[in-house]
Amino acid sequence: MSFGGASGNTKVFRPTPPDRGSFPLDHDGECKIQMQIYLDCLRSSRSRDRVPADCRLLAKEYLNCRMERGLMLKDNWVNLGLPDDKRSSSTDTPESKS
């Protein structure tokens, strides 16, 4: 049995960039509280077909935390599937904060 070597079965590893939506893990737990609150909202939701509006606002808080700490690139809410909701002043569009 041969692993690579002279048999010609060697494969060349070619790194590829991560897919959109892939971002670094929060190893230091910088946004862990926001993540837990969002996940608790999803678990307690009775709607399995769509995410309730309250949970969407929590998702925005979580993603905003990640963007502010450099754990993901800043992007418009619409691009992230979250419409710009004026009800939450703490989660304004990331680009609008300068």
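Structure's up top.
Quick caveat, the model's predicted, so the values are computed rather than measured.

**Student:** Quick rundown of the overall build of the protein? Include the residues and the values.
**Tutor:** Within the protein, the regular secondary structure consists of two helices and zero strands. About 7,700 Å² of surface is accessible on the protein, with carbon and sulfur atoms providing 53% of the total.

**Student:** Would you mind going over the pattern of salt bridges in detail, with residue names and values included?
**Tutor:** Using the criterion set out here, one finds three salt bridges in the structure. Between Arg69 and Glu30 there is a salt bridge, and its shortest N-O distance comes to 3.9 Å. Taken as a pair, Arg69 in the segment after helix H2 (53-68) and Glu30 in the segment before helix H1 (32-44) lie far apart in primary sequence, 39 residues in all. On the basis of relative accessibility, which here comes to 38%, the residue Arg69 falls in the partly exposed class. Residue classification places Glu30 among the partly exposed residues on the basis of a relative accessible area of 36%. The salt bridge partner of Glu68 is Arg69, with a shortest N-O separation of 3.8 Å. What emerges from the salt-bridge pattern is a single network uniting Glu30, Glu68 and Arg69.

**Student:** How would you explain the state of the cysteines if you had to name every residue and give the values?
**Tutor:** The bond known as a disulfide is covalent and runs between the sulfur atoms of two cysteines. Applying the stated criterion to the full structure yields two disulfides. The partner cysteine of Cys31 in its disulfide is Cys65, sulfur to sulfur 2.0 Å. The chirality of the disulfide connecting Cys31 with Cys65 is left-handed, given an S-S dihedral of about -90°. Of this pair, Cys31 sits in the segment before H1 while Cys65 sits in helix H2, and the two are 34 residues apart along the sequence. Each member of the pair, Cys31 as well as Cys65, is classed as buried. Shown here is the disulfide that connects Cys41 with Cys55, its sulfur atoms set 1.8 Å apart. Taking the sign of the S-S torsion, about -90° here, the bridge from Cys41 to Cys55 comes out left-handed. Taken together, the residues Cys41 in helix H1 and Cys55 in helix H2 connect sequence positions 14 residues apart. Of the residues examined, Cys41 reaches a relative accessible area of 15% and is grouped as buried. Here the disulfide map of the protein reads 1-4, 2-3, the bonded cysteines being numbered as they appear in the sequence.

**Student:** Tell me what's going on with the packing of H1 against H2, and back it up with residues and numbers.
**Tutor:** Axis separation between H1 and H2 bottoms out at 9 Å; the angle between their running directions is 160°. The angle between H1 and H2 falls in the class roughly antiparallel. In the packing of H1 onto H2, the handedness of the crossing is left-handed. Contacts between H1 and H2 pair Gln34, Met35, Ile37, Tyr38, Cys41 and Leu42 from the former with Asp54, Cys55, Leu58, Ala59, Glu61, Tyr62 and Cys65 from the latter. Residues that form the contact of H1 with H2 fall into these classes: 10 nonpolar, one polar and two charged.

Rules used in this analysis
Residues numbered from 1 in each chain as written. Predicted model: local features only at pLDDT ≥ 70, side-chain atom pairs only at ≥ 80, totals over all residues. Heavy atoms only, no water. Helix = DSSP H or I, 4+ residues; strand = E, 2+ residues; numbered from the N terminus. Areas by Shrake-Rupley, 256 points an atom, 1.4 Å probe, with all protein chains shown as cover. Salt bridge = Lys/Arg side-chain N within 4 Å of Asp/Glu carboxyl O. Buried < 20%, exposed > 50% of the residue type's maximum accessible area, 1.4 Å probe, protein only. Disulfide = S-S within 2.5 Å. Axes fitted to C-alpha atoms, helices over the stretch in contact; angles between N-to-C directions. Parallel < 35°, antiparallel > 145°, perpendicular 65-115°, else oblique. Left-handed = near helix turned anticlockwise from the far one by under 90°. Contact = heavy atoms within 4.5 Å. Nonpolar A, V, L, I, M, F, W, Y, C, P; charged D, E, K, R; others polar.

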